Amino acid sequence: MSCFWNLRIKNISPYVPGEQPKDRQFIKLNTNENPYPPSPKVIEAIQKNIGHSLRLYPDPQCTELREAAAQCYGVKKEQVFAGNGSDEILAFAFGAFFESQEILFPDITYSFYPVYASLWNIPYRTIPLKEDFSINTDDYKIPCGGVIFPNPNAPTGIAAETDNILSLAGFLKKTNKVLIIDEAYCAFGTNTAIPYINEFPNLLTVHTLSKSASLAGLRAGFAIGSEELIEGLCRMRDSFNSYTLDRLALAGASAAVKDTAYYKEINSRVIATRERTTQTLLSLGFTVLPSSANFIFVKPPKIKAADFFALLRERGILVRHFNKEKISDFLRISIGTDEEMDVLLDICREQK
């Protein structure tokens, strides 16, 4: 701990990302990356922007990407905010919409949320998941400073019903509090809340291109909500850095959002592989939570999760283990190609 650090950085516990190996080849099922390449149109768009134009600043308003998202989802450009991945947008949202009143999010969820809250000095309370690991939105209908959770949730993969989300949005609307739905995994099996942003001006949906668009290495995302919420995000962004997305990222992300046919096809393959893997694991005695994401949350039958994590790593497969209360017996396994999942399943059969 350095004497040069201020109290904020001394007291914070940073987010710990999944392992990115450099020393050997692994089947990488630990960071929820899409196993398939991005659209060829993305590569073409990036290549067109390599060259003379890089000497110029990118569009600070991210107009092309916002227009592409607006057309794709049937909203106005002014209802779309673009950022350097959804993590940046979430950080902006915490700073823009949450303050001194306690906010709420699940006790088992994306572990960046408490980090953002600590960074912005926002008090928070975690709401326990139900016994089946699902979110009970009625538990969040209490006085608070706002609510955030992923749908589907991470790391469980379980989705909340749209009607329940909208009921919570309506409750929070009465006290002018924001509901943020982090839809990072929405494309893999659940409905987006985007169609309801006009009815609920306090509802913000946040999206990443890392998972469903195979662009984890590009760093691009967007949020969709009422114009007043988007203006708040813009004010926060422009207080830090107006040029959050570079020209290559803007070109590639815009092309990705436009190529819905390509991504519908590859993500349907991810879903099919997820379902096949789930059924096989269940037949082998594993516990598998019902997933609407591009990962599954799995409890091995005859071996501790930490030991199975180590065994898989030794055999060349990376998965994610969270040594936390309630979920230490589970592993989060990203969905890879059929060939990659078959290697995993062969090892799992040895545990039967």
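Structure's up top.
Model, not experiment: these values are computed from the prediction.

Cut-off values and rules
Residues numbered from 1 in each chain as written. Predicted model: local features only at pLDDT ≥ 70, side-chain atom pairs only at ≥ 80, totals over all residues. Heavy atoms only, no water. Axes fitted to C-alpha atoms, helices over the stretch in contact; angles between N-to-C directions. Helix = DSSP H or I, 4+ residues; strand = E, 2+ residues; numbered from the N terminus. Parallel < 35°, antiparallel > 145°, perpendicular 65-115°, else oblique. Contact = heavy atoms within 4.5 Å. Nonpolar A, V, L, I, M, F, W, Y, C, P; charged D, E, K, R; others polar. 1 Å grid on protein atoms, 1.4 Å probe; cavity = no way out; pocket = protein on both sides within 12 Å on 5 of 7 lines; lining within 4 Å. Points joined across faces, edges and corners; volume = space filled by probe spheres on them. Patch = residues over 30% accessible without salt bridge, like charges linked within 9 Å, V, L, I, M, F, W, Y side chains within 5 Å. Areas by Shrake-Rupley, 256 points an atom, 1.4 Å probe, with all protein chains shown as cover. Salt bridge = Lys/Arg side-chain N within 4 Å of Asp/Glu carboxyl O.

A.B. asks: Even after reading the chapter, I still don't get the packing of helix H3 (residues 63-73) against helix H8 (residues 247-258), so can you show me in this structure?
C.D. replies: For any two helices packed against each other, the geometry comes down to the angle between their axes and how far apart the axes lie. As a packed pair, H3 and H8 sit with axes 8 Å apart at the nearest point and diverge in direction by 10 degrees. Considering the angle they form, H3 stands roughly parallel to H8. Along its contact with H3, which presents Glu64, Leu65, Ala68, Ala69 and Cys72, the element H8 presents Leu250, Ala253, Ser254, Val257 and Lys258. Class assignment for the residues of the contact of H3 with H8 results in 7 nonpolar, 1 polar and 2 charged.

A.B. asks: How do you make sense of the layout of surface pockets when you look at a structure like this?
C.D. replies: Rolled over the atoms, a probe as big as a water molecule pinpoints where empty space is left. Of the voids in this model, the largest pocket is the one considered here, and its volume is about 1,100 Å³. Lining the largest pocket are 47 residues, and of these Tyr15, Val16, Tyr110, Ser111 and Arg320 lie nearest its centre. Contributions of two or more residues to the lining of the largest pocket are made by helix H4 (85-97), strand E3 (103-106), helix H5 (113-119), strand E4 (124-127) and strand E12 (320-321). Class assignment for the residues of the lining of the largest pocket results in 21 nonpolar, 15 polar and 11 charged. Among the elements of the structure, H3, strand E7 (203-208), H8 and helix H9 (260-283) are those that each provide at least two residues to the lining of the second largest pocket. Among the elements that make up the lining of the second largest pocket, the one with the highest residue count is H9 (6 residues).

A.B. asks: Whenever I open this one, a nonpolar patch on the surface confuses me. Can you help?
C.D. replies: Judged by side-chain polarity, Met1, Phe4, Trp5 and Ile9 come together as a nonpolar surface patch covering roughly 550 Å² of accessible area. Mapped onto the fold, Ile9 is located in helix H1 (residues 7-11).

A.B. asks: Is there a simple way to explain empty space enclosed by the protein in this structure?
C.D. replies: Scanning the entire structure with this criterion turns up 1 cavity of 30 Å³ or more. The computed volume of the largest cavity comes to approximately 30 Å³. In terms of lining residues, the largest cavity is bounded by Ile135, Pro150, Asn151, Ile158, Ala159 and Ala160. Of the residues assigned to the lining of the largest cavity, the class counts are 5 nonpolar, 1 polar and no charged.

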